[in-house]
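Chain by chain, the residues:
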Amino acid sequence: MSRTKFALSFTAGGLLYNESIVVAEALLRNEYDWNATLVEVEEKNLLQSRTCSTSKRKLREISQRLKCLSEPQLALLVDGTRHEQKLILWLACCEKYPLLAELARDVVRAKFLQLDYSIDAGDIARFIELQTLWHEELEGLTASTITKLQTVMLRMLRESELVSEDGIISAPLVSGRFIQVLKADSPGGLLYFPLVIENGGLN
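None of these values were measured; they are calculated from a predicted model. (Residues numbered from 1 in each chain as written. Predicted model: local features only at pLDDT ≥ 70, side-chain atom pairs only at ≥ 80, totals over all residues. Heavy atoms only, no water.)

Asks: Looking at this model, I keep getting lost on unusual backbone geometry. Mind explaining?
Replies: In most cases, non-glycine residues show a negative phi, while peptide bonds are predominantly trans. In this structure, Leu16 takes a positive phi of about 55° despite not being glycine. Along the polypeptide, Leu16 turns up in the segment before α1 (17-29). (Helix = DSSP H or I, 4+ residues; strand = E, 2+ residues; numbered from the N terminus.)

Pasting the structure below:
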């Protein structure tokens, strides 16, 4: 039985694309010094939140995700294409949240490799139901919380551009640099994407 505990705080904000780019840019300006970065983002209200508590909550969530990335991956997050930025953020989310990682590997990528390119809330609901057999912390979730999980997980897949608005899974367009930074620091991260991997390369 898996003993991995599933954190679920990702439901509070989705992919947080714009805010994450702001924090990543500040991190590079501060030469990867997280203490200086957090101070700058808070003092200058770079997240443009209406309240201090909202800003701190978002910053805490984003920093926990970005700390899962290597420096080359963070650099790509800042100066890559918009599509690559979203893929790197999806990588960070999967590294931070095992529930998202398992969804990416066991549902999205599995369906893609089986030439089943359609995914909907029902697929995610079945995935969550199966996970409750192995993770006690999911057994006590209310119906409304499960519905929120389904909604946010599907929205994050769409925000990452791995799933279209009408629920079609598509292989991301990745550059050689993207593959390189994943292979170097997160080789297992390639499995978070609907890609065909053969003999260590992509097909």
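Let's pick the thread back up.
Asks: Where do I start with the pattern of salt bridges in this structure?
Replies: Two side chains carrying opposite charge are able to pair once their charged atoms lie near each other. Scanning the entire structure with this criterion turns up 10 salt bridges. Among the salt bridges present, the one from Asp79 reaches Arg177, with a minimum N-O distance of 2.8 Å. Linking Asp79 in helix α4 (residues 71-79) with Arg177 in helix α10 (residues 176-185), this pair joins segments that are 98 residues apart in sequence. By relative accessible area, which is 34% here, Arg177 ends up partly exposed. Residue Asp123 is joined to Lys111 by a salt bridge in which the shortest nitrogen-to-oxygen separation is 3.8 Å. Within this pair, whereas Asp123 is found in helix α7 (residues 121-131), its partner Lys111 is found in helix α6 (residues 98-113), the two being separated by 12 residues in sequence. (Salt bridge = Lys/Arg side-chain N within 4 Å of Asp/Glu carboxyl O. Buried < 20%, exposed > 50% of the residue type's maximum accessible area, 1.4 Å probe, protein only.)

Asks: Would you take a moment to explain the packing of helix α5 (residues 82-96) against α6 for this structure?
Replies: Two numbers describe how α5 lies on α6: the axes approach to 5 Å, and their chain directions differ by 115°. Counted together, Trp90, Cys93, Cys94 and Lys96 of α5 and Pro98, Leu100, Ala101 and Ala104 of α6 form the full contact between these two elements. Grouping the constituent residues of the contact of α5 with α6 by class yields seven nonpolar, no polar and one charged. (Axes fitted to C-alpha atoms, helices over the stretch in contact; angles between N-to-C directions. Contact = heavy atoms within 4.5 Å. Nonpolar A, V, L, I, M, F, W, Y, C, P; charged D, E, K, R; others polar.)

Asks: Could you clarify how one ought to interpret the side chain of Ser20 in this entry?
Replies: Topologically, Ser20 is positioned in helix α1. On the accessibility criterion, Ser20 (1% relative accessible area) is buried. Not counting residues within four places of it along the chain, the set of residues in contact with Ser20 comprises Leu15, Ile62, Leu66 and Leu89.

Asks: Looking at this model, I keep getting lost on the environment of Arg60. Mind explaining?
Replies: For Arg60, the location among the structural elements is in helix α3 (residues 52-66). In sequence terms Arg60 and Pro72 are 12 residues apart; their C-alpha atoms lie 22 Å from each other.

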